[in-house]
Structure formats: C-alpha cells, structure tokens
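Coordinate analysis (summary)
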Amino acid sequence: MEVHELEKKYKDWQKKLHPDLVHSKSQREREYAAEQSARVIDAYRTLTDPLSRAIYIVKLEGVLVDEEERITDPELLAEVMELREAVDEAEDSGALKKIQSQLQEKLQCWSNSFDDAYVSKNYEDALASIRRMTYYRRTNEEIVKKL
Amino acid sequence: MLKHLTNTVIGQHLRSSAAVGGASLRRMYHERVVDHYNNPRNVGSFDKNDSNVGTGLVGAPACGDVMKLQIRVDEKSGKIVDACFKTFGCGSAIASSSVATEWVKGKQMEEVLSIKNTEIAKHLSLPPVKLHCSMLAEDAIKAAVKDYEAKRLKSNGHEEKAADA
C-alpha cells in the first residue's frame, strides 16, 4: 500500500471513529469508537515508519527479530562506527543535520530493499535490511539527543 | 510489657540493618558499571594497519550497539602488551568492553581466548537482560585475536614467497 493511500485510509477511519463525532451515541458505542480510534492511530504510526512497518510485516509471516543477536559483518559495522563517530565529533547542529539527512536517505534505500526482499520471500535479506535500518534509527536517536 | 518493649527494639534493629544492607546492595549493583562508564580505561584507537595490532569489531543490531576492541601484541613473546576499545551502546556494553581491555593486558593470546562472558558479567553484576553485552565483549576479544593471527599468517605467506623467489 502506498503511503499517500495509507494516509487517506487513516483519515477515512478517523472520520468514522473519532470520539468527538460520536458523542450523541450510546456509552458502549462511544467506548468502542474510542478504542478502535486508538488502534487505528497505533496502526497508522506503525505503518508509516519504515522500520516498525518492516518488523510488523515479517512478524505476520512468523519471522521474529532476534533481540540478542550479535554480528561480525565488517562492512556494516565499520559503516556504523564511522557514523557514530561522526555524530560524536560533530561540532554544530548544521553538521548533525547533514548526517541526519544522510541517515534518512539510507533508511529509505534500505526500506526499499526490504520491500524487494519481502516480495520475493527472501527473509534473510529482509532481516538484513531491518538490521541496517535499526542501526540508522539508533544513530538518528543520538543526533536528536545532541540537537 | 517488658517482653513487648524488647520485641519492638529487636524488630526495629533488624528492620534498620535490612534497610542498610539493601541500600549498600543497590549501590554495589551498579557501582562497577558506573565506574567504568565515568572513568573508562583504555578508550582509543590503534592503527589497524599496524602489523602488531589485532582488531575485533562486533555488534548487537537490535540494541544498535557496536564495539571495537584492539590488541597490540609483542611478536616475539605472543603477549598482549596494550589494548584499547571504542564502544557505542549502553553502559553495560561500554563497561564490558572496558573490563575486557583491562583483563587482556599482559596476557598471552591463547590465555585471553578463555575469558568467559560470565566472568565479565559477574564482575559487573550485570542483570540477565544485559548478559548479551558481556557476550559481545567476549566476541570482541576472540575477533581481535583472530584478526591478529590472520595478519600474521598473511605476512608469513609473503615472506615465504619472497624467500622462494
């Protein structure tokens, strides 16, 4: 599903379910609407973020991300080291924002890789994409802390 | 009435010592981790192209941790004469790699391969959820040794080729 389609569907659902619009209905109906509205918000948030979306999608296939996995991939780790060092040494918000936009690009690129891998049922590659996105997301969190 | 008074006094004494014991236990629980975090030993980088240097680079993607541990080995004795680390991650990961660099210094390479993550975890009183941080440090030590040995083999190979020619 495309992102703009997602937003339209989200707005449609919210029109039906928003608590403010159902105040004339019964107590039970209002509670139901509020609960569903919250679930729709949660779903929207999960699906619009490339990383949480990827994790959710593979979960539907029974593929779970290993929380305690350790890796030795030299290329990926060297790249992450470099990024984290750059963030550490960045002297102003301009430098940080530059790294941030690099990270956004990488996230988008690997989100596309994830889609390709998922569509061809290549779950090894799908998980590899998730690994990368997790590292980029984490690095972004460090930037946000510094800004 | 005297019995009641005695019980009350004893009861209070037990309660207060349990409170003191509990508080000092809480302090010890994090003390070493905090120490390594605030005063990390051996943070830094060696030249990874140096023939005496072995570099171990490991990571835990789910936490976003990345850990680099380097050893400088004396060629003749096979002893690790210096070590340094650079870790981006949680306090437990940083402390684990800091401890690892301390423990490998002055030891033979074969010796450090037997350093177990459980020893590091015990030294730092790591909770179960942080055990994998100590595993990462054990991995890093092994990777650094492996890297050094691979370098040695490669350079020995070149020496032999030169001798044949």
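None of the values given here were measured: they were computed from a predicted structure. (Residues numbered from 1 in each chain as written. Chains lettered and ligands numbered in written order. Predicted model: local features only at pLDDT ≥ 70, side-chain atom pairs only at ≥ 80, totals over all residues. Heavy atoms only, no water.)

1. So, the overall build of chain B
Selection criterion: Numbering of helices and strands starts at the N terminus; helices are DSSP runs of H or I of at least 4 residues and strands are runs of E of at least 2. The buried label applies to any residue whose accessible area, calculated with a 1.4 Å probe on protein chains only, is under 20% of its type's maximum; exposed applies above 50%, and partly exposed to all values in between. Residue contacts are counted whenever heavy atoms from the two residues lie within 4.5 Å of one another. Accessible areas in this description were obtained via Shrake-Rupley with a 1.4 Å probe; residue shielding takes into account the shown protein chains only.
Secondary structure summary: chain B contains 5 helices and 3 strands in total. Reading chain B from its N end, one meets helices and strands in the order α-β-β-β-α-α-α-α. Residue burial in chain B is summarised as follows: out of 165 residues, 38% are buried. Relative to all contacts within chain B whose residues are 6 or more apart in sequence, the contacts with residues 24 or more apart total 61%. Here chain B displays about 9,300 Å² of accessible surface, and carbon together with sulfur accounts for 58% of that area.

2. Quick notes on helix 4 (residues 74-89) of chain A
Let me state the cut-off plainly: Here the expected span of a helix is defined as 1.5 Å times the quantity of residues minus one. Two N or O atoms form a polar contact when they lie within 3.5 Å of each other; inside protein one atom must be a possible hydrogen donor and the other a possible acceptor, and for residues adjacent in sequence the pair counts only when both atoms belong to side chains.
Counted at 1.5 Å a residue, the expected span for helix 4 of chain A with its 16 residues is 22 Å, and the 22 Å between its end C-alpha atoms agrees. Restricting attention to buried positions, one finds in helix 4 of chain A the residues Leu76(A), Leu77(A), Glu79(A), Val80(A), Met81(A), Leu83(A), Arg84(A), Glu85(A) and Val87(A). On its buried side, helix 4 of chain A packs onto helix 5 (93-119) and helix 6 (123-146) of chain A together with strand 1 (53-60), strand 2 (65-74) and strand 3 (79-88) of chain B. The residue sitting at the N-terminus of helix 4 of chain A and contributing the capping side-chain oxygen is Asp73(A); that oxygen lies 3.1 Å from the backbone nitrogen of Glu75(A).

3. Some remarks on the environment of Ala90(A)
Residues and elements named next belong to chain A. With respect to the helices and strands, Ala90 occurs in the loop between helix 4 and helix 5. Each C-alpha atom, one on Ala90 and one on Ala128, is 28 Å from the other, the two residues being 38 residues apart in sequence. Residues contacting Ala90, with those up to four places away along its chain left out, are Ala95, Leu96 and Lys146.

4. Here's the deal with the domain arrangement of chain A
Selection rule: What counts as a domain boundary in this text is fixed by an automatic or database domain assignment.
If you check the domain split of chain A, you get domain 1 (3-48) and domain 2 (74-146). Each of domain 1 of chain A and domain 2 of chain A was reduced to a C-alpha centroid, and the two centroids are 32 Å apart.

5. Some remarks on the UniProt feature "domain: Co-chaperone HscB C-terminal oligomerisation" (unreviewed entry) in chain A
Put simply, the rule is: UniProt positions are given in the numbering used here, feature names are shortened, and annotations may be inferred rather than shown by experiment.
Under the UniProt annotation, "domain: Co-chaperone HscB C-terminal oligomerisation" (unreviewed entry) lies at residues 73-143 of chain A. Taken end to end, residues 73-143 of chain A is 90% helix and 0% strand, and its two terminal C-alpha atoms sit 24 Å from one another.

6. Some remarks on the layout of surface pockets
Convention followed: Only protein atoms enter the 1 Å grid used here, on which a cavity is any set of points holding a 1.4 Å probe that cannot leave and a pocket is any open set flanked by protein within 12 Å on both sides along at least five of seven lines; residues with an atom within 4 Å of a point are listed as lining. Grid points are joined across faces, edges and corners, and a volume is the space filled by probe spheres set on the points. Each residue gets one of three labels, nonpolar for Ala, Val, Leu, Ile, Met, Phe, Trp, Tyr, Cys and Pro, charged for Asp, Glu, Lys and Arg, and polar for the others, Gly among them.
Here the largest pocket is characterised by a volume of approximately 570 Å³. Along the wall of the largest pocket there are 19 residues; nearest its centre are Pro74(A), Lys48(B), Thr55(B), Gly56(B) and Leu57(B). Elements represented by at least two residues in the lining of the largest pocket include exactly helix 4 of chain A together with strand 1, strand 2 and helix 5 (131-164) of chain B. Residue composition of the lining of the largest pocket, by class: 7 nonpolar, 5 polar and 7 charged.

7. Considerations on the state of the cysteines
What is meant by a disulfide is a covalent connection between two cysteines, made through their sulfur atoms. Residue and element names in this part refer to chain B. Spelled out, the test is: Counting rule for disulfides: a pair of cysteine sulfur atoms within 2.5 Å.
In this structure the tally under the stated criterion is 0 disulfides over all chains. For Cys84, which is in no disulfide, the shortest distance to another cysteine sulfur is to Cys90 and amounts to 20 Å. Exposure remark for Cys84: the relative accessible area of 5% places this residue in the buried category.

8. Notes on the nonpolar core
Convention followed: Remark: nonpolar core denotes a set of buried residues (Ala, Val, Leu, Ile, Met, Phe, Trp, Tyr, Cys) joined through side-chain atoms within 4.5 Å.
Judged by nonpolar contacts, the single largest core of 30 residues is most densely connected at Ile71(B) and Val104(B). At the level of secondary structure, the elements contributing two or more residues to this core comprise strand 1, strand 2, strand 3, helix 2 (91-104), helix 3 (109-112), helix 4 (117-124) and helix 5 of chain B. A total of 8 residues in this core trace back to one element, the largest contributor, which is helix 5 of chain B. With residues up to four places along the chain from it excluded, the contact list for Val104(B) reads Ile71(B), Ile80(B), Ala83(B), Val112(B), Ile115(B) and Ile141(B). Counting residues in each nonpolar core, the second largest holds 20 residues, with Leu51(A), Ala54(A), Ala117(A) and Ile130(A) among its members.

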